[in-house]
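Geometric and topological summary
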Amino acid sequence: MAAAGRAGPAGDRPSPAEITALIPLVRRVVAARVPDRATADDLVQETLARVLAASARVEPGMLEPYAIVTARNVVASLWRDQDRQRRHQHRVVDLRPPEAPDEDVLVQEDREAVTAALARLTDRERATLLAHEVAGQDTRSLAAELGSTAGAVAAQLNRTRARLRVEYLLALENAEPPTDRCRPVLLALSSGDRRRQREVDAARHLLECDVCARLSEPLMGRGRTRDADVRVPVQSDADVVAARSAAREVAAGVGFPPTDLTAIATAVSEVTRNIVKFADSGEVVIEAVEEPRGIRIVARDVGPGIPDVDRALDDGYSTYDGLGLGLPGARRLMDEFAIVSEVGRGTTVTMTKWWGER
Amino acid sequence: MTSGPRLFSILRQGAILIASIHTALDDTQLERFRADLIDRIGHDRAKGVIIDVAALDVIDSFATRTLRGVADMARLRGARTVIVGIQPDVAFVIVQLGMDTGSLVTALDLEEGLAHLAAVTGAPIGPGR
């Protein structure tokens, strides 16, 4: 504090007793303005602290008026803060922009897309879905009508909804899938069925197919809510650290020994760095696998791709020449390692480490 | 960059700089660490540098290359570098990763690192000796 430096001879400074004598006065000033006791106590403390800090500069005999003015200022600044908070509060909750002029058009388009999507379902699918969703008929009575079981009807409804989502997106975008692989992939994504997604190699198709890559965006994240699954979006250096600590955490949950944890974290570090270095953005998905126990890491980007994957995986073991991608090292640290890369489309690295394997 | 706890610290002890990394660093932070350390070597006319990496749970290819770079640059600036505190798991992984660490001088801990530097540089360590 500057005041301390300027303090005069000891006699000029008010004694502690003089400061203490101010307490009832300050308390009265503050209490008259602030009803809440705890807040008032805080403000009294703050006032005394300020008076004490400034005491060397205050003329003898002026301590009392100085304390009163200070107390008022302290209270006023509290009010100002509260007021500012109140004024800014709406920003915290009011995220909805004012209704745009094209809202009506969008609603209209939306309705048409839903109609088109419904029209593409089979009659039976549509009838069951509408009976359940619109008329509110439960699965058991539907099952009785259809000569089926409630569980089967529910599963069928789920599949129908997944198809409806896909057809809706296609209708909304006015897009016709360019290949016959598109629909199965989109369906697998829409239903969130990961086994099916692997069967149709959905990740690879999304790298290859622009239409699906665009359409699938709202479908992503479906069925990924299991807590064994961690997704780390990757854009900057800091995300490399985030991805590897996430991997370490998941791997620890699987029960890997410490050395393996370090190996897994290091491998993740290598492949994630490539996303930051060569692609603008990507993601790392870390998944605990059961039967056999292990951890699977998928690092995906939509960057320039690796023209020669074999060369990227090739290195002089001891000199670490290679292409400097860290990929050969990562491969050595994991049990399974696969790269799919397409120039101009992106790269997907999938690597697995099994628990208990050496 | 000034907010939050410090990511690393560089302390001087006689003609020796002791650089401790406190937490996992990302690549940008590692590069900053390297730049700061090289600056300090010139500024403090240091003869020896100890880099304590005990807090690093991952030393991947980039970190290894950076440490190697620091040691090379320090050598060109007239200082010897010793890396101390590499964790056993981390050592295992560095070898598996296939990184070349031949040019790095290492010691088990700070004490041995200081002893090594005292031997090779002849620099007095601290006021006590």
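About the criteria used
Residues numbered from 1 in each chain as written. Chains lettered and ligands numbered in written order. Predicted model: local features only at pLDDT ≥ 70, side-chain atom pairs only at ≥ 80, totals over all residues. Heavy atoms only, no water. Helix = DSSP H or I, 4+ residues; strand = E, 2+ residues; numbered from the N terminus. Buried < 20%, exposed > 50% of the residue type's maximum accessible area, 1.4 Å probe, protein only. Contact = heavy atoms within 4.5 Å. Areas by Shrake-Rupley, 256 points an atom, 1.4 Å probe, with all protein chains shown as cover. 1 Å grid on protein atoms, 1.4 Å probe; cavity = no way out; pocket = protein on both sides within 12 Å on 5 of 7 lines; lining within 4 Å. Points joined across faces, edges and corners; volume = space filled by probe spheres on them. Nonpolar A, V, L, I, M, F, W, Y, C, P; charged D, E, K, R; others polar. Core = buried A, V, L, I, M, F, W, Y, C linked by side-chain atoms within 4.5 Å. Phe/Tyr/Trp six-rings, centres within 6.5 Å; stacked < 30°, edge-to-face > 60°. Lys NZ or Arg CZ within 6 Å of the ring centre and 35° of its normal.

As a further point, take the overall build of chain A. Across its full length, chain A holds 17 helices and 5 strands. Within chain A, the proportion of its 358 residues that are buried is 40%. Long-range contacts, defined as pairs at least 24 residues apart, comprise 63% of the intrachain contacts of chain A with a sequence gap of at least 6. Taken as a whole, chain A presents about 20200 Å² of accessible surface, with 52% of it coming from carbon and sulfur.

With that settled, consider empty space enclosed by the protein. Summed over the entire model, instances satisfying the criterion amount to 1 cavity of 30 Å³ or more. Its boundaries defined by the atoms lining it, the largest cavity holds a volume of some 60 Å³. For the largest cavity, the full set of lining residues is Arg244(A), Arg273(A), Ala24(B), Leu25(B), Asp27(B), Leu30(B), Leu56(B), Val58(B), Asp60(B) and Ala63(B). Each residue belonging to the lining of the largest cavity can be placed in one class, and the counts come to 6 nonpolar, no polar and 4 charged.

Of all hydrophobic cores here, the largest spans 64 residues; its most connected members are Ile264(A), Ile286(A), Ile297(A), Phe337(A), Met351(A), Leu37(B) and Ile51(B). Ranked by the residues each element gives to this core, the list is headed by helix α15 (residues 258–278) of chain A, at 7 residues. Beyond its immediate sequence surroundings of up to four residues, Leu37(B) is in contact with Ile10(B), Leu17(B), Ala19(B), Val49(B), Ile51(B) and Val70(B). Among the nonpolar cores identified, the runner-up in size contains 19 residues, and Val29(A), Leu43(A), Ala71(A) and Val75(A) belong to it.

Below, the discussion takes up the packing of aromatic side chains. Per the counting criterion, the structure on display carries 1 aromatic pair over all chains. Considering the side-chain rings of Phe8(B) and Phe33(B), the 5.0 Å spacing of their centres and the 75 degrees angle between planes classify their relative orientation as edge-to-face. With Phe8(B) in strand β1 (residues 8–13) and Phe33(B) in helix α1 (residues 27–44), this pair connects stretches of sequence that are 25 residues apart. In this pair, the class of Phe8(B) matches that of Phe33(B), namely buried. Above the face of the Trp355(A) ring, Arg293(A) is positioned so that its terminal group lies 3.9 Å from the ring centre.

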